Amino acid sequence: LTLAAPPSGGTNLSVASNVNVTISSTVANGGTAIWSTGAGSTLTLGGSGLTGLGIFTWSGGGTNVIAGGLLNPGLLTCSSINVNQTGGTNAPSPGIFVGDGGNGTYTINGSSALLKVAGNAGYNLAIGRGSGSTGTLNVQDGTVLVGSGGSANVYLGQDNTSVGVLNQSGGVFTVTN
């Protein structure tokens with residue numbers, strides 16, 4: 001599945017409200033991209049891909065599930081969306097923002113699930129960022145690795161109007177320099 005870059009400010013994948021969609025193939029996006037998963041909907045990704053530069057935004061009020069594969073998006077922003085990672089590797093570079101300009105939750109809950117954020121000093125992992133948003137990272141099983149091979153930054157409530165919450169009830173959460 002190949003998705004072209006959207007027009008300026010456009011969305012190149014939309015899932016309507018109350019619909020369940022599964023993509024098991026490799027996804028090649030055209031750089032900066034916006035995916036909207038509507039309220040009550042679930043978009044499940046089981047393949048690899050999402051490679052590219054630029055900002056990759058997930059929004060829409062629904063739920064995105066990473067079930068397998070290797071995802072390598074550029075900067076991944078999760079705005080007004082829930083993300084459940086039950087398998088595979090999500091390795092956004094230079095980083096990921098959870099609850100960016102809208103409340104969001106990222107839950108990692110699978111023994112083979114890996115969220116790997118190498119990033120650089122300007123990004124890495126931000127939980128709660130912008131416009132009074134609340135971001136929540138739930139580590140229940142699997143591994144979160146921040147800063148491998150570079151500067152490590154974890155921001156909880158990156159600005160004075162946002163809230164960042166880190167809940168760990170299992171799994172591994174490691175920050176290295």
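Residues numbered from 1 in each chain as written. Predicted model: local features only at pLDDT ≥ 70, side-chain atom pairs only at ≥ 80, totals over all residues. Heavy atoms only, no water.

Caption draft 1: Main features of the pattern of salt bridges. In total, this model carries 1 salt bridge according to the counting rule given. We note a salt bridge from Asp100 to Arg129, for which the minimum N-O separation is 3.0 Å. Taken together, the residues Asp100 in strand S14 (residues 95-100) and Arg129 in strand S17 (residues 124-129) connect sequence positions 29 residues apart. Overall, the relative accessible area of 16% leaves Asp100 in the buried class. (Salt bridge = Lys/Arg side-chain N within 4 Å of Asp/Glu carboxyl O. Helix = DSSP H or I, 4+ residues; strand = E, 2+ residues; numbered from the N terminus. Buried < 20%, exposed > 50% of the residue type's maximum accessible area, 1.4 Å probe, protein only.)

Caption draft 2: Examining the pairing of strand S6 (residues 42-45) more closely. Bridge count for strand S3 (residues 20-23) against S6 is 4 bridges, and the pairing is parallel. Bridge pairing in S6 places Asn20 opposite Thr42. As paired strands, S6 and strand S9 (residues 63-66) are joined by 4 bridges and run parallel to one another. Bridging from a neighbouring strand, Leu43 pairs with Asn64 of S9. (Pairing = 2+ DSSP bridges.)

Caption draft 3: Just the environment of Asn103, in detail. Within the secondary structure, Asn103 sits in the loop between S14 and strand S15 (104-108). Distance in space between the C-alpha atoms of Asn103 and Gly135 is 5.7 Å, their sequence separation being 32 residues. Those residues in contact with Asn103 that sit more than four places away from it in its chain are Ser79, Ser80, Ile81, Gly132, Ser133 and Thr134. Within the structure, Asn103 has its side chain in polar contact with the backbone nitrogen of Thr134 (distance 2.7 Å). (Contact = heavy atoms within 4.5 Å. Polar contact = N/O pair within 3.5 Å; in protein donor to acceptor, adjacent residues only side chain to side chain.)

Caption draft 4: Quick look at the nonpolar core. Among the nonpolar cores identified, the biggest contains 30 residues, and Trp35, Leu45, Leu50, Trp58, Ile96 and Tyr106 are the most heavily contacted of them. In contact with Tyr106, not counting residues within four places along its chain, are Ile66, Val83, Gln85, Asn90, Ile96, Val98, Leu115, Thr136, Leu137 and Asn138. (Core = buried A, V, L, I, M, F, W, Y, C linked by side-chain atoms within 4.5 Å.)

Caption draft 5: Molecular detail of the pairing of strand S11 (residues 75-78). Here S11 shows no split at all, with Leu75 and Thr77 on one side and Leu76 and Cys78 on the other all buried. As judged from the 4 bridges shared by strand S8 (residues 55-59) and S11, these two strands associate in the parallel manner. By the bridge assignment, Thr57 is partnered in S11 with Thr77. Direction of pairing for S11 relative to S14: parallel, over a ladder of 3 bridges. By the bridge assignment, Thr77 is partnered in S14 with Phe97.

Caption draft 6: Focus on the sheet that holds strand S20 (residues 154-156). Taken in spatial order, the 7 strands make up an open sheet running S2-S5-S8-S11-S14-S17-S20, and their pairing is parallel. Among the strands making up the open sheet, the edge pair consists of strand S2 (13-15) and S20. Each neighbouring strand pair of the sheet contributes to a mean axis angle of 10°, computed without reference to strand direction. (Axes fitted to C-alpha atoms, helices over the stretch in contact; angles between N-to-C directions.)

Caption draft 7: Local environment of the packing of aromatic side chains. Counted according to the given criterion, the structure contains 2 aromatic pairs. When the ring of Phe56 is compared with that of Trp58, the centres are 6.2 Å apart and the planes differ by 70°; the resulting orientation is edge-to-face. For Phe56, a relative accessible area of 1% corresponds to the buried category. Counting every residue linked through ring pairs, the aromatic cluster contains Trp35, Phe56 and Trp58. (Phe/Tyr/Trp six-rings, centres within 6.5 Å; stacked < 30°, edge-to-face > 60°.)

Caption draft 8: View of unusual backbone geometry. Within the chain, Asn18 stands out as a residue other than glycine whose phi angle is a positive 60°. Here Asn18 shows up in the loop between S2 and S3. Using a relative accessible area of 65% as the deciding quantity, one classes Asn18 as exposed. Positive phi outside glycine occurs at Ser80, with the angle close to 55°. By the secondary structure assignment, Ser80 is in the loop between S11 and strand S12 (82-85). You can call Ser80 partly exposed: its relative accessible area is 34%.

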